Amino acid sequence: MGIESALGDGYFTTQIDSLTNWARSNAAWPMPMGLACCAIEMMAFAGPKYDAARFGSEVMRFSPRQSDVMIVAGWVNYKMAHAIRRIWDQMPDPKWCIAMGACASTGGMHRCYGVVQGCDNFLPVDAYVSGCPPRPDALLHALMKIQDKIRTEHSVMLDT
Amino acid sequence: MDTKHISDQLDSKFFKEHQEKLYQALEDKHTTVEMMDQDDPLHTKMVLNMGPQHPATHGVLRLILQLDGELIEKVKVDVGYLHRGVEKIAENKTYQEFMPYTDRMDYLSPYANNVALCTAVEKIANVEVPERAHYIRMIGCELSRISSHLIWLGTMIMDAGAVSYFIWAFREREKVLDIYDQLTGHRFTVSHARIGGVANDITDTAMAMIKDFADKFPQELKDWHKTLDRNRIFFDRNRGVGVLETEDALESGATGPTLRGSGYAYDVRTFEPYARYDEVEFEVPTRLEGDNLARYYVRMEEMHESIRIIRQCLDKLPKGPVRTDNAKQAYPSKDEVYYSMEGMIHDFMMTDTGICPPEGAEAYHAVEAAKGELGYYIQSDGSGHPWRLKINSPSFKNIQILEQILDGEMVADTVVIIGGVDPVMGECDK
Amino acid sequence: MDLELSETQQAVVDGLSGDFTDAFIEVYQSSGDTFIRVESEAIVDICRYLKDEHHFIYLSDVFGIDRFTSRERFEVVYNIISLRAREHLFIKVRLPEENPVVESITGVWKSANWMEREVYDMFGVEFTNHPDFRRIFMPEDFDYFPLRKEFPLLGIPGSIDLPSTTPDPE
């Protein structure tokens, strides 16, 4: 409290980590990797009723360079897996990944030759959402979990 | 130009052979894919890769466009980025077990896909369906057509530049999904139809919601017509764009609203009426122009007609069972399963082996899904699993015509044309 | 089995057994659908004949079947529609296990293009005179034909690559 009283009104002190985490967690722009049915629920998640804007995530960025959270929505085909990995590599750090739905998490019901049995075979996944397809509420929950995770990170302190 | 040259310059990180063949496919005896000429960049052709991850391709469609300035000279469409092999899965599942996979084929209108599979199995195995179930199926199918066309409206107009339609269309779509939630227990992958009927009857709440929706939705449609029908920007983007003549449409296998927008009234509901479509009155909207605007009018009219069909179904809805009570052909009701020994045994048998059509039987049955003729061909070997199940998917046929209609268009119109054809990749890629 | 052929179907059967005596093999019905089996060499001529003479102007589907028998293992089925008579008709050809080749009907219906590519991709049936003959769903680097019965449901491990998990420097 000492510094603040010395600086006068209009100042407050905080850790730089808390500030960045606060900013990052409330502006987690999704990279919608909409593949299949889950993509439609992801659209509903951004749509008027569920309104992802309440969590600062309404800005669906189709350019990987501008996004923070990749939402893999739908089953991942072997042919598509390469494109997904390439887009993930193009996203700037720090980045997070949500595997939305059973197919993206484990292959789900598509236990078949064409489908990668879970996108965690080639992506580091932070949150898995169950359901086939999950309701938009469940995706919002996953987004909140990602926000919680962002808030506990120590990015700047580790750098120094 | 020899093909080796391409492969040398091709800087691909994965599936080298695949990419090479794809680029080679652009070549014919008149054109060759030239690599960037260092001397005069204005004289070289540009090959533009679009997708598989692109917001306007409605999923994971990939287009390779060969451009001359802003004009598209030649297009190659690459599909298969969602291929998982459902036909292979079908050969390892019982007929009823396979039904949830049909939800995930055309995930914009899953109810129609359920009905398509069930009608095909009913045809091959001679299953009678109660009257009431037919009407419930028709209501479900028409609602799914509306929900699919709403996605088309939202995304296609968003691609053309108006984001507000995405919000409005999704607001209405949420109402349809809420009805499904009440009626079937899930928002959109419903799996509600069963072989021999439907899973459960319409509840009073669901009935009230459908009535309410049928009353209020036409007003909504009228408002949309008001803002779009005389909208200069919308017209300029769509009129005369992506023209497909009637003969070309038939020749190249277009189906659904794309075919009807080109002037041929082919609709399976009137062509080979299934369920009780011969007992309700409706029009098959058709347009002659064959451009994107014609497809817009056809789909908007179809939503009107769907509401009309739903109203008639609600009026005519007969009383009675919703599933056939022949225990060899359909699941027994839950009451029987819980309170009688036979019911439980039948339930077990249905889950274990399911319905067994006669050996060597073959059948094809099509329904009119939101995208067009959706047919299931089944060949049985006498067991509970199909020997071969082929899905004749409308999006596959409609995407094929993209290669034709994109020729000679401007590159900026690509997204509108894809939006107008309205493909679903999950169905196209099987 | 007694056949219940409609007028158009009867005309088709009469026409085929008259004009294509060598190629016409059999006609049978199952669950209300009519199937005509012909020799694979004559398929293009027969398709053109059906389109020109009997108004089967719309090709709905082309698909393959693996019969898993030692003789004539593969079957290619053409699902054609007469919009005037409101009828479906199925034309079948059978092909041997070794080197299954049939002529492409893209010259008759343009829409056969992708459908034949799909049959090739799934069963390995080759089509001659096809304008753009490639795989359609699976990448070219894939060596198997997944809908053949001997192909396991879960695929063959290592037959198709997963992306590398070391970050791309770009």
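A.B. asks: Go over the overall build of chain C with me, naming the residues and quoting the values.
C.D. replies: Within chain C, the regular secondary structure consists of three helices and seven strands. Starting at the N terminus, the α and β elements of chain C follow one another as α-β-β-α-β-β-β-β-α-β. If you line up chain C on its principal axes, its C-alpha atoms span 65 × 35 × 25 Å. Within chain C, the proportion of its 170 residues that are buried is 42%. Residue pairs in contact within chain C that sit at least 24 positions apart in sequence constitute 52% of those at least 6 positions apart.

A.B. asks: Before we move on, could you go through the overall build of chain B and cite the residues and values that matter?
C.D. replies: Scanning chain B for helices and strands turns up 18 helices and eight strands. Here the C-alpha radius of gyration of chain B, 23 Å, is about what a compact globule of 430 residues would show, namely 22 Å. Seen through its principal axes, chain B has C-alpha atoms that stretch 85 × 50 × 35 Å. Residue burial in chain B is summarised as follows: out of 430 residues, 56% are buried.

A.B. asks: Can you lay out the interface of chain C and chain B for me, pointing to particular residues and giving the numbers?
C.D. replies: Taken residue by residue, the interface counts 33 residues in chain C and 37 residues in chain B. Mapped by element, the contributors of at least two residues to the side of chain C that touches chain B are β2 (33-38), β3 (58-66) and α3 (112-123) of chain C. Tallying contributions element by element places β3(C) first for the side of chain C that touches chain B, with six residues. Along the lines of polarity and charge, the residues of the side of chain C that touches chain B split into 17 nonpolar, seven polar and nine charged.

A.B. asks: Requested: an account of the sheet that holds strand β1 (residues 46-50) of chain B, with residues and values cited.
C.D. replies: Residue and element names in this part refer to chain B. Read across the sheet, three strands follow the order β1-β2-β3 without closing on themselves; strand pairing throughout is antiparallel. Each end of this open sheet is capped by a strand with a single partner; those strands are β1 and β3 (71-78). Ignoring strand direction, the axes of neighbouring strands in this sheet form an average angle of 20°.

A.B. asks: Please provide a residue-by-residue account of helix α4 (residues 95-103) of chain B, values included.
C.D. replies: Residues and elements named next belong to chain B. Among the nine residues that make up α4, seven are buried, leaving the element largely enclosed by the rest of the structure. Within α4, burial applies to Y95, Q96, F98, M99, Y101, T102 and D103. Looking at the packing, one finds that the buried side of α4 touches α3 (86-90), α5 (110-125), α15 (341-352) and β8 (386-392).

A.B. asks: Residue-level account of the packing of α4(B) against α5(B), with values.
C.D. replies: Residues and elements named next belong to chain B. Viewed as axis vectors pointing N to C, α4 and α5 meet at an angle of 150°, and their least axial separation amounts to 8 Å. Classified by the angle their axes make, α4 and α5 are roughly antiparallel. The hand of the α4/α5 crossing is right-handed. Residues Y95, F98, M99, T102 and D103 of α4 pack against P110, N113, N114, L117 and V121 of α5.

A.B. asks: Can you break down the nonpolar core residue by residue, with the values?
C.D. replies: If you look at the biggest cluster of nonpolar residues, it comprises 216 residues, and the most contacted ones within it are V72(A), V76(A), I98(A) and M100(A). Considering every element that reaches this core, the biggest residue donor is helix α6 (residues 131-160) of chain B, with 15 residues. Once residues within four sequence positions are removed from consideration, I98(A) is found in contact with V69(A), I71(A), V72(A), D126(A), A127(A), V129(A), A142(A) and I146(A).

A.B. asks: Report on the sheet that holds strand β2 (residues 69-73) of chain A, specifying residues and quantitative values.
C.D. replies: All names here are of chain A. In space, the four strands of this open sheet follow the order β1-β2-β3-β4, with parallel pairing throughout. Each of the sheet's edge strands pairs with one partner strand only, and the pair in question is β1 (30-34) and β4 (127-129). Across the sheet, the axes of successive neighbouring strands diverge by a mean angle of 15°, strand direction being ignored. In this sheet, strand β3 (residues 96-100) lies alongside β2 in parallel orientation, the contact comprising five bridges. Residue pairing in the sheet places I71 in a bridge with I98 of β3. The strands that helix α6 (residues 136-151) touches are β2, β3 and β4; relative to β4, the one it contacts most, it runs at about 170°.

A.B. asks: Account for unusual backbone geometry, with residues named and values stated.
C.D. replies: Following D93(A), the chain continues to P94(A) via a peptide bond in cis, the omega torsion being -10°. Within the element layout of this structure, P94(A) appears in the loop between α4 (78-90) and β3. Across the junction of C132(A) and P133(A), the peptide omega takes the value -10°, indicating a cis bond. Turning to its location among the elements, P133(A) is positioned in the loop between β4 and α6. In the Ramachandran plot, N126(B) falls in the positive-phi region, its phi being about 55° despite a non-glycine side chain.

A.B. asks: Requested: an account of the packing of helix α1 (residues 7-19) of chain C against helix α2 (residues 43-54) of chain C, with residues and values cited.
C.D. replies: All names here are of chain C. Viewed as axis vectors pointing N to C, α1 and α2 meet at an angle of 135°, and their least axial separation amounts to 11 Å. By the angle between their directions, the pair α1 and α2 is classed as oblique. You can see that α1 and α2 cross each other, and the crossing is right-handed. Facing α1, whose interface residues are T8, A11, V12, G15, L16 and D19, α2 presents I46, Y49, L50, E53 and H54. Looking at side-chain class alone, the contact of α1 with α2 contains six nonpolar, three polar and two charged residues.

A.B. asks: Explain the environment of I151(B) to me, using residue names and the numbers behind them.
C.D. replies: Residue and element names in this part refer to chain B. Within the element layout of this structure, I151 appears in helix α6. Along the sequence, I151 and A169 sit 18 residues apart, while their C-alpha atoms lie 6.8 Å from each other. Those residues in contact with I151 that sit more than four places away from it in its chain are L108 and R173.

A.B. asks: So, the environment of E75(C): which residues are in play, and what are the values?
C.D. replies: Residue and element names in this part refer to chain C. Within the secondary structure layout, E75 lies in strand β4 (residues 74-82). The exposure class of E75 is buried, given the 22 C-beta atoms found within 10 Å. For the pair formed by E75 and K51, sequence separation is 24 residues and the distance between their alpha carbons is 21 Å.

A.B. asks: Hey, could you go over the interface of chain C and chain A for me, with residue numbers and the actual values?
C.D. replies: Counting residues at the interface gives eleven residues for chain C, matched by 13 residues for chain A. Grouping the constituent residues of the side of chain C that touches chain A by class yields eight nonpolar, two polar and one charged.

A.B. asks: Explain α4(A) to me, using residue names and the numbers behind them.
C.D. replies: All names here are of chain A. The terminal C-alpha atoms of α4 lie 19 Å apart, and with 13 residues this matches the ideal 18 Å at 1.5 Å per residue to within 8%. Among all positions in α4, only Y78, K79, M80, A81, H82, A83, I84, R85 and W88 are buried. For α4, the secondary structure elements touched by its buried residues are β1 and β2.

A.B. asks: Tell me about the pairing of β3(B), residues and numbers included.
C.D. replies: Within β3(B), six of the eight residues are buried, which leaves it mostly tucked inside the rest of the structure. The hairpin formed by strand β2 (residues 62-68) of chain B and β3(B) contains two residues between the paired strands, and G69(B) there has a positive phi angle of roughly 65°.

A.B. asks: Account for the environment of E142(B), naming residues and giving values.
C.D. replies: All names here are of chain B. As for its placement among the helices and strands, E142 is situated in helix α6. Counting along the chain gives 33 residues from E142 to S109, while the straight-line C-alpha distance between them is 9.3 Å. Discounting residues that sit within four places of it in the chain, E142 has contacts with S306, I309 and I310.

A.B. asks: For the confidence of the model for chain C, give the residues involved together with the corresponding values.
C.D. replies: Residues of chain C with pLDDT of at least 70 account for 97%, and the chain-wide mean is 86. Note on the complex model: pTM 0.86, ipTM 0.90.

A.B. asks: Can you explain the pairing of β3(A)? Please cite residues and give values.
C.D. replies: Residues and elements named next belong to chain A. Summarising burial for β3: five of the five residues are buried, a large majority. On β3, burial covers both faces: W96, I98 and M100 on one face and C97 and A99 on the other are all buried. On the question of chirality, the crossover connecting β2 to the parallel β3 by way of α4 is right-handed. Two elements, β3 and β4, share three bridges in a ladder whose sense is parallel. In the strand pairing of β4, M100 is matched with V129. Crossover β3 to β4 through helix α5 (residues 101-106) is right-handed.

The rules behind these values
Residues numbered from 1 in each chain as written. Chains lettered and ligands numbered in written order. Predicted model: local features only at pLDDT ≥ 70, side-chain atom pairs only at ≥ 80, totals over all residues. Helix = DSSP H or I, 4+ residues; strand = E, 2+ residues; numbered from the N terminus. Buried ≥ 20, exposed ≤ 12 C-beta atoms within 10 Å, placed from the backbone. Contact = placed C-beta atoms within 7 Å. Rg over C-alpha atoms; globule rule 2.2 N^0.38 Å. Nonpolar A, V, L, I, M, F, W, Y, C, P; charged D, E, K, R; others polar. Pairing = 2+ DSSP bridges. Axes fitted to C-alpha atoms, helices over the stretch in contact; angles between N-to-C directions. Parallel < 35°, antiparallel > 145°, perpendicular 65-115°, else oblique. Left-handed = near helix turned anticlockwise from the far one by under 90°. Core = buried A, V, L, I, M, F, W, Y, C linked by C-beta atoms within 7 Å. Expected span 1.5 Å × (residues − 1). pLDDT = per-residue confidence, 0-100. Right-handed = clockwise from strand over helix to strand, strands pointing away.

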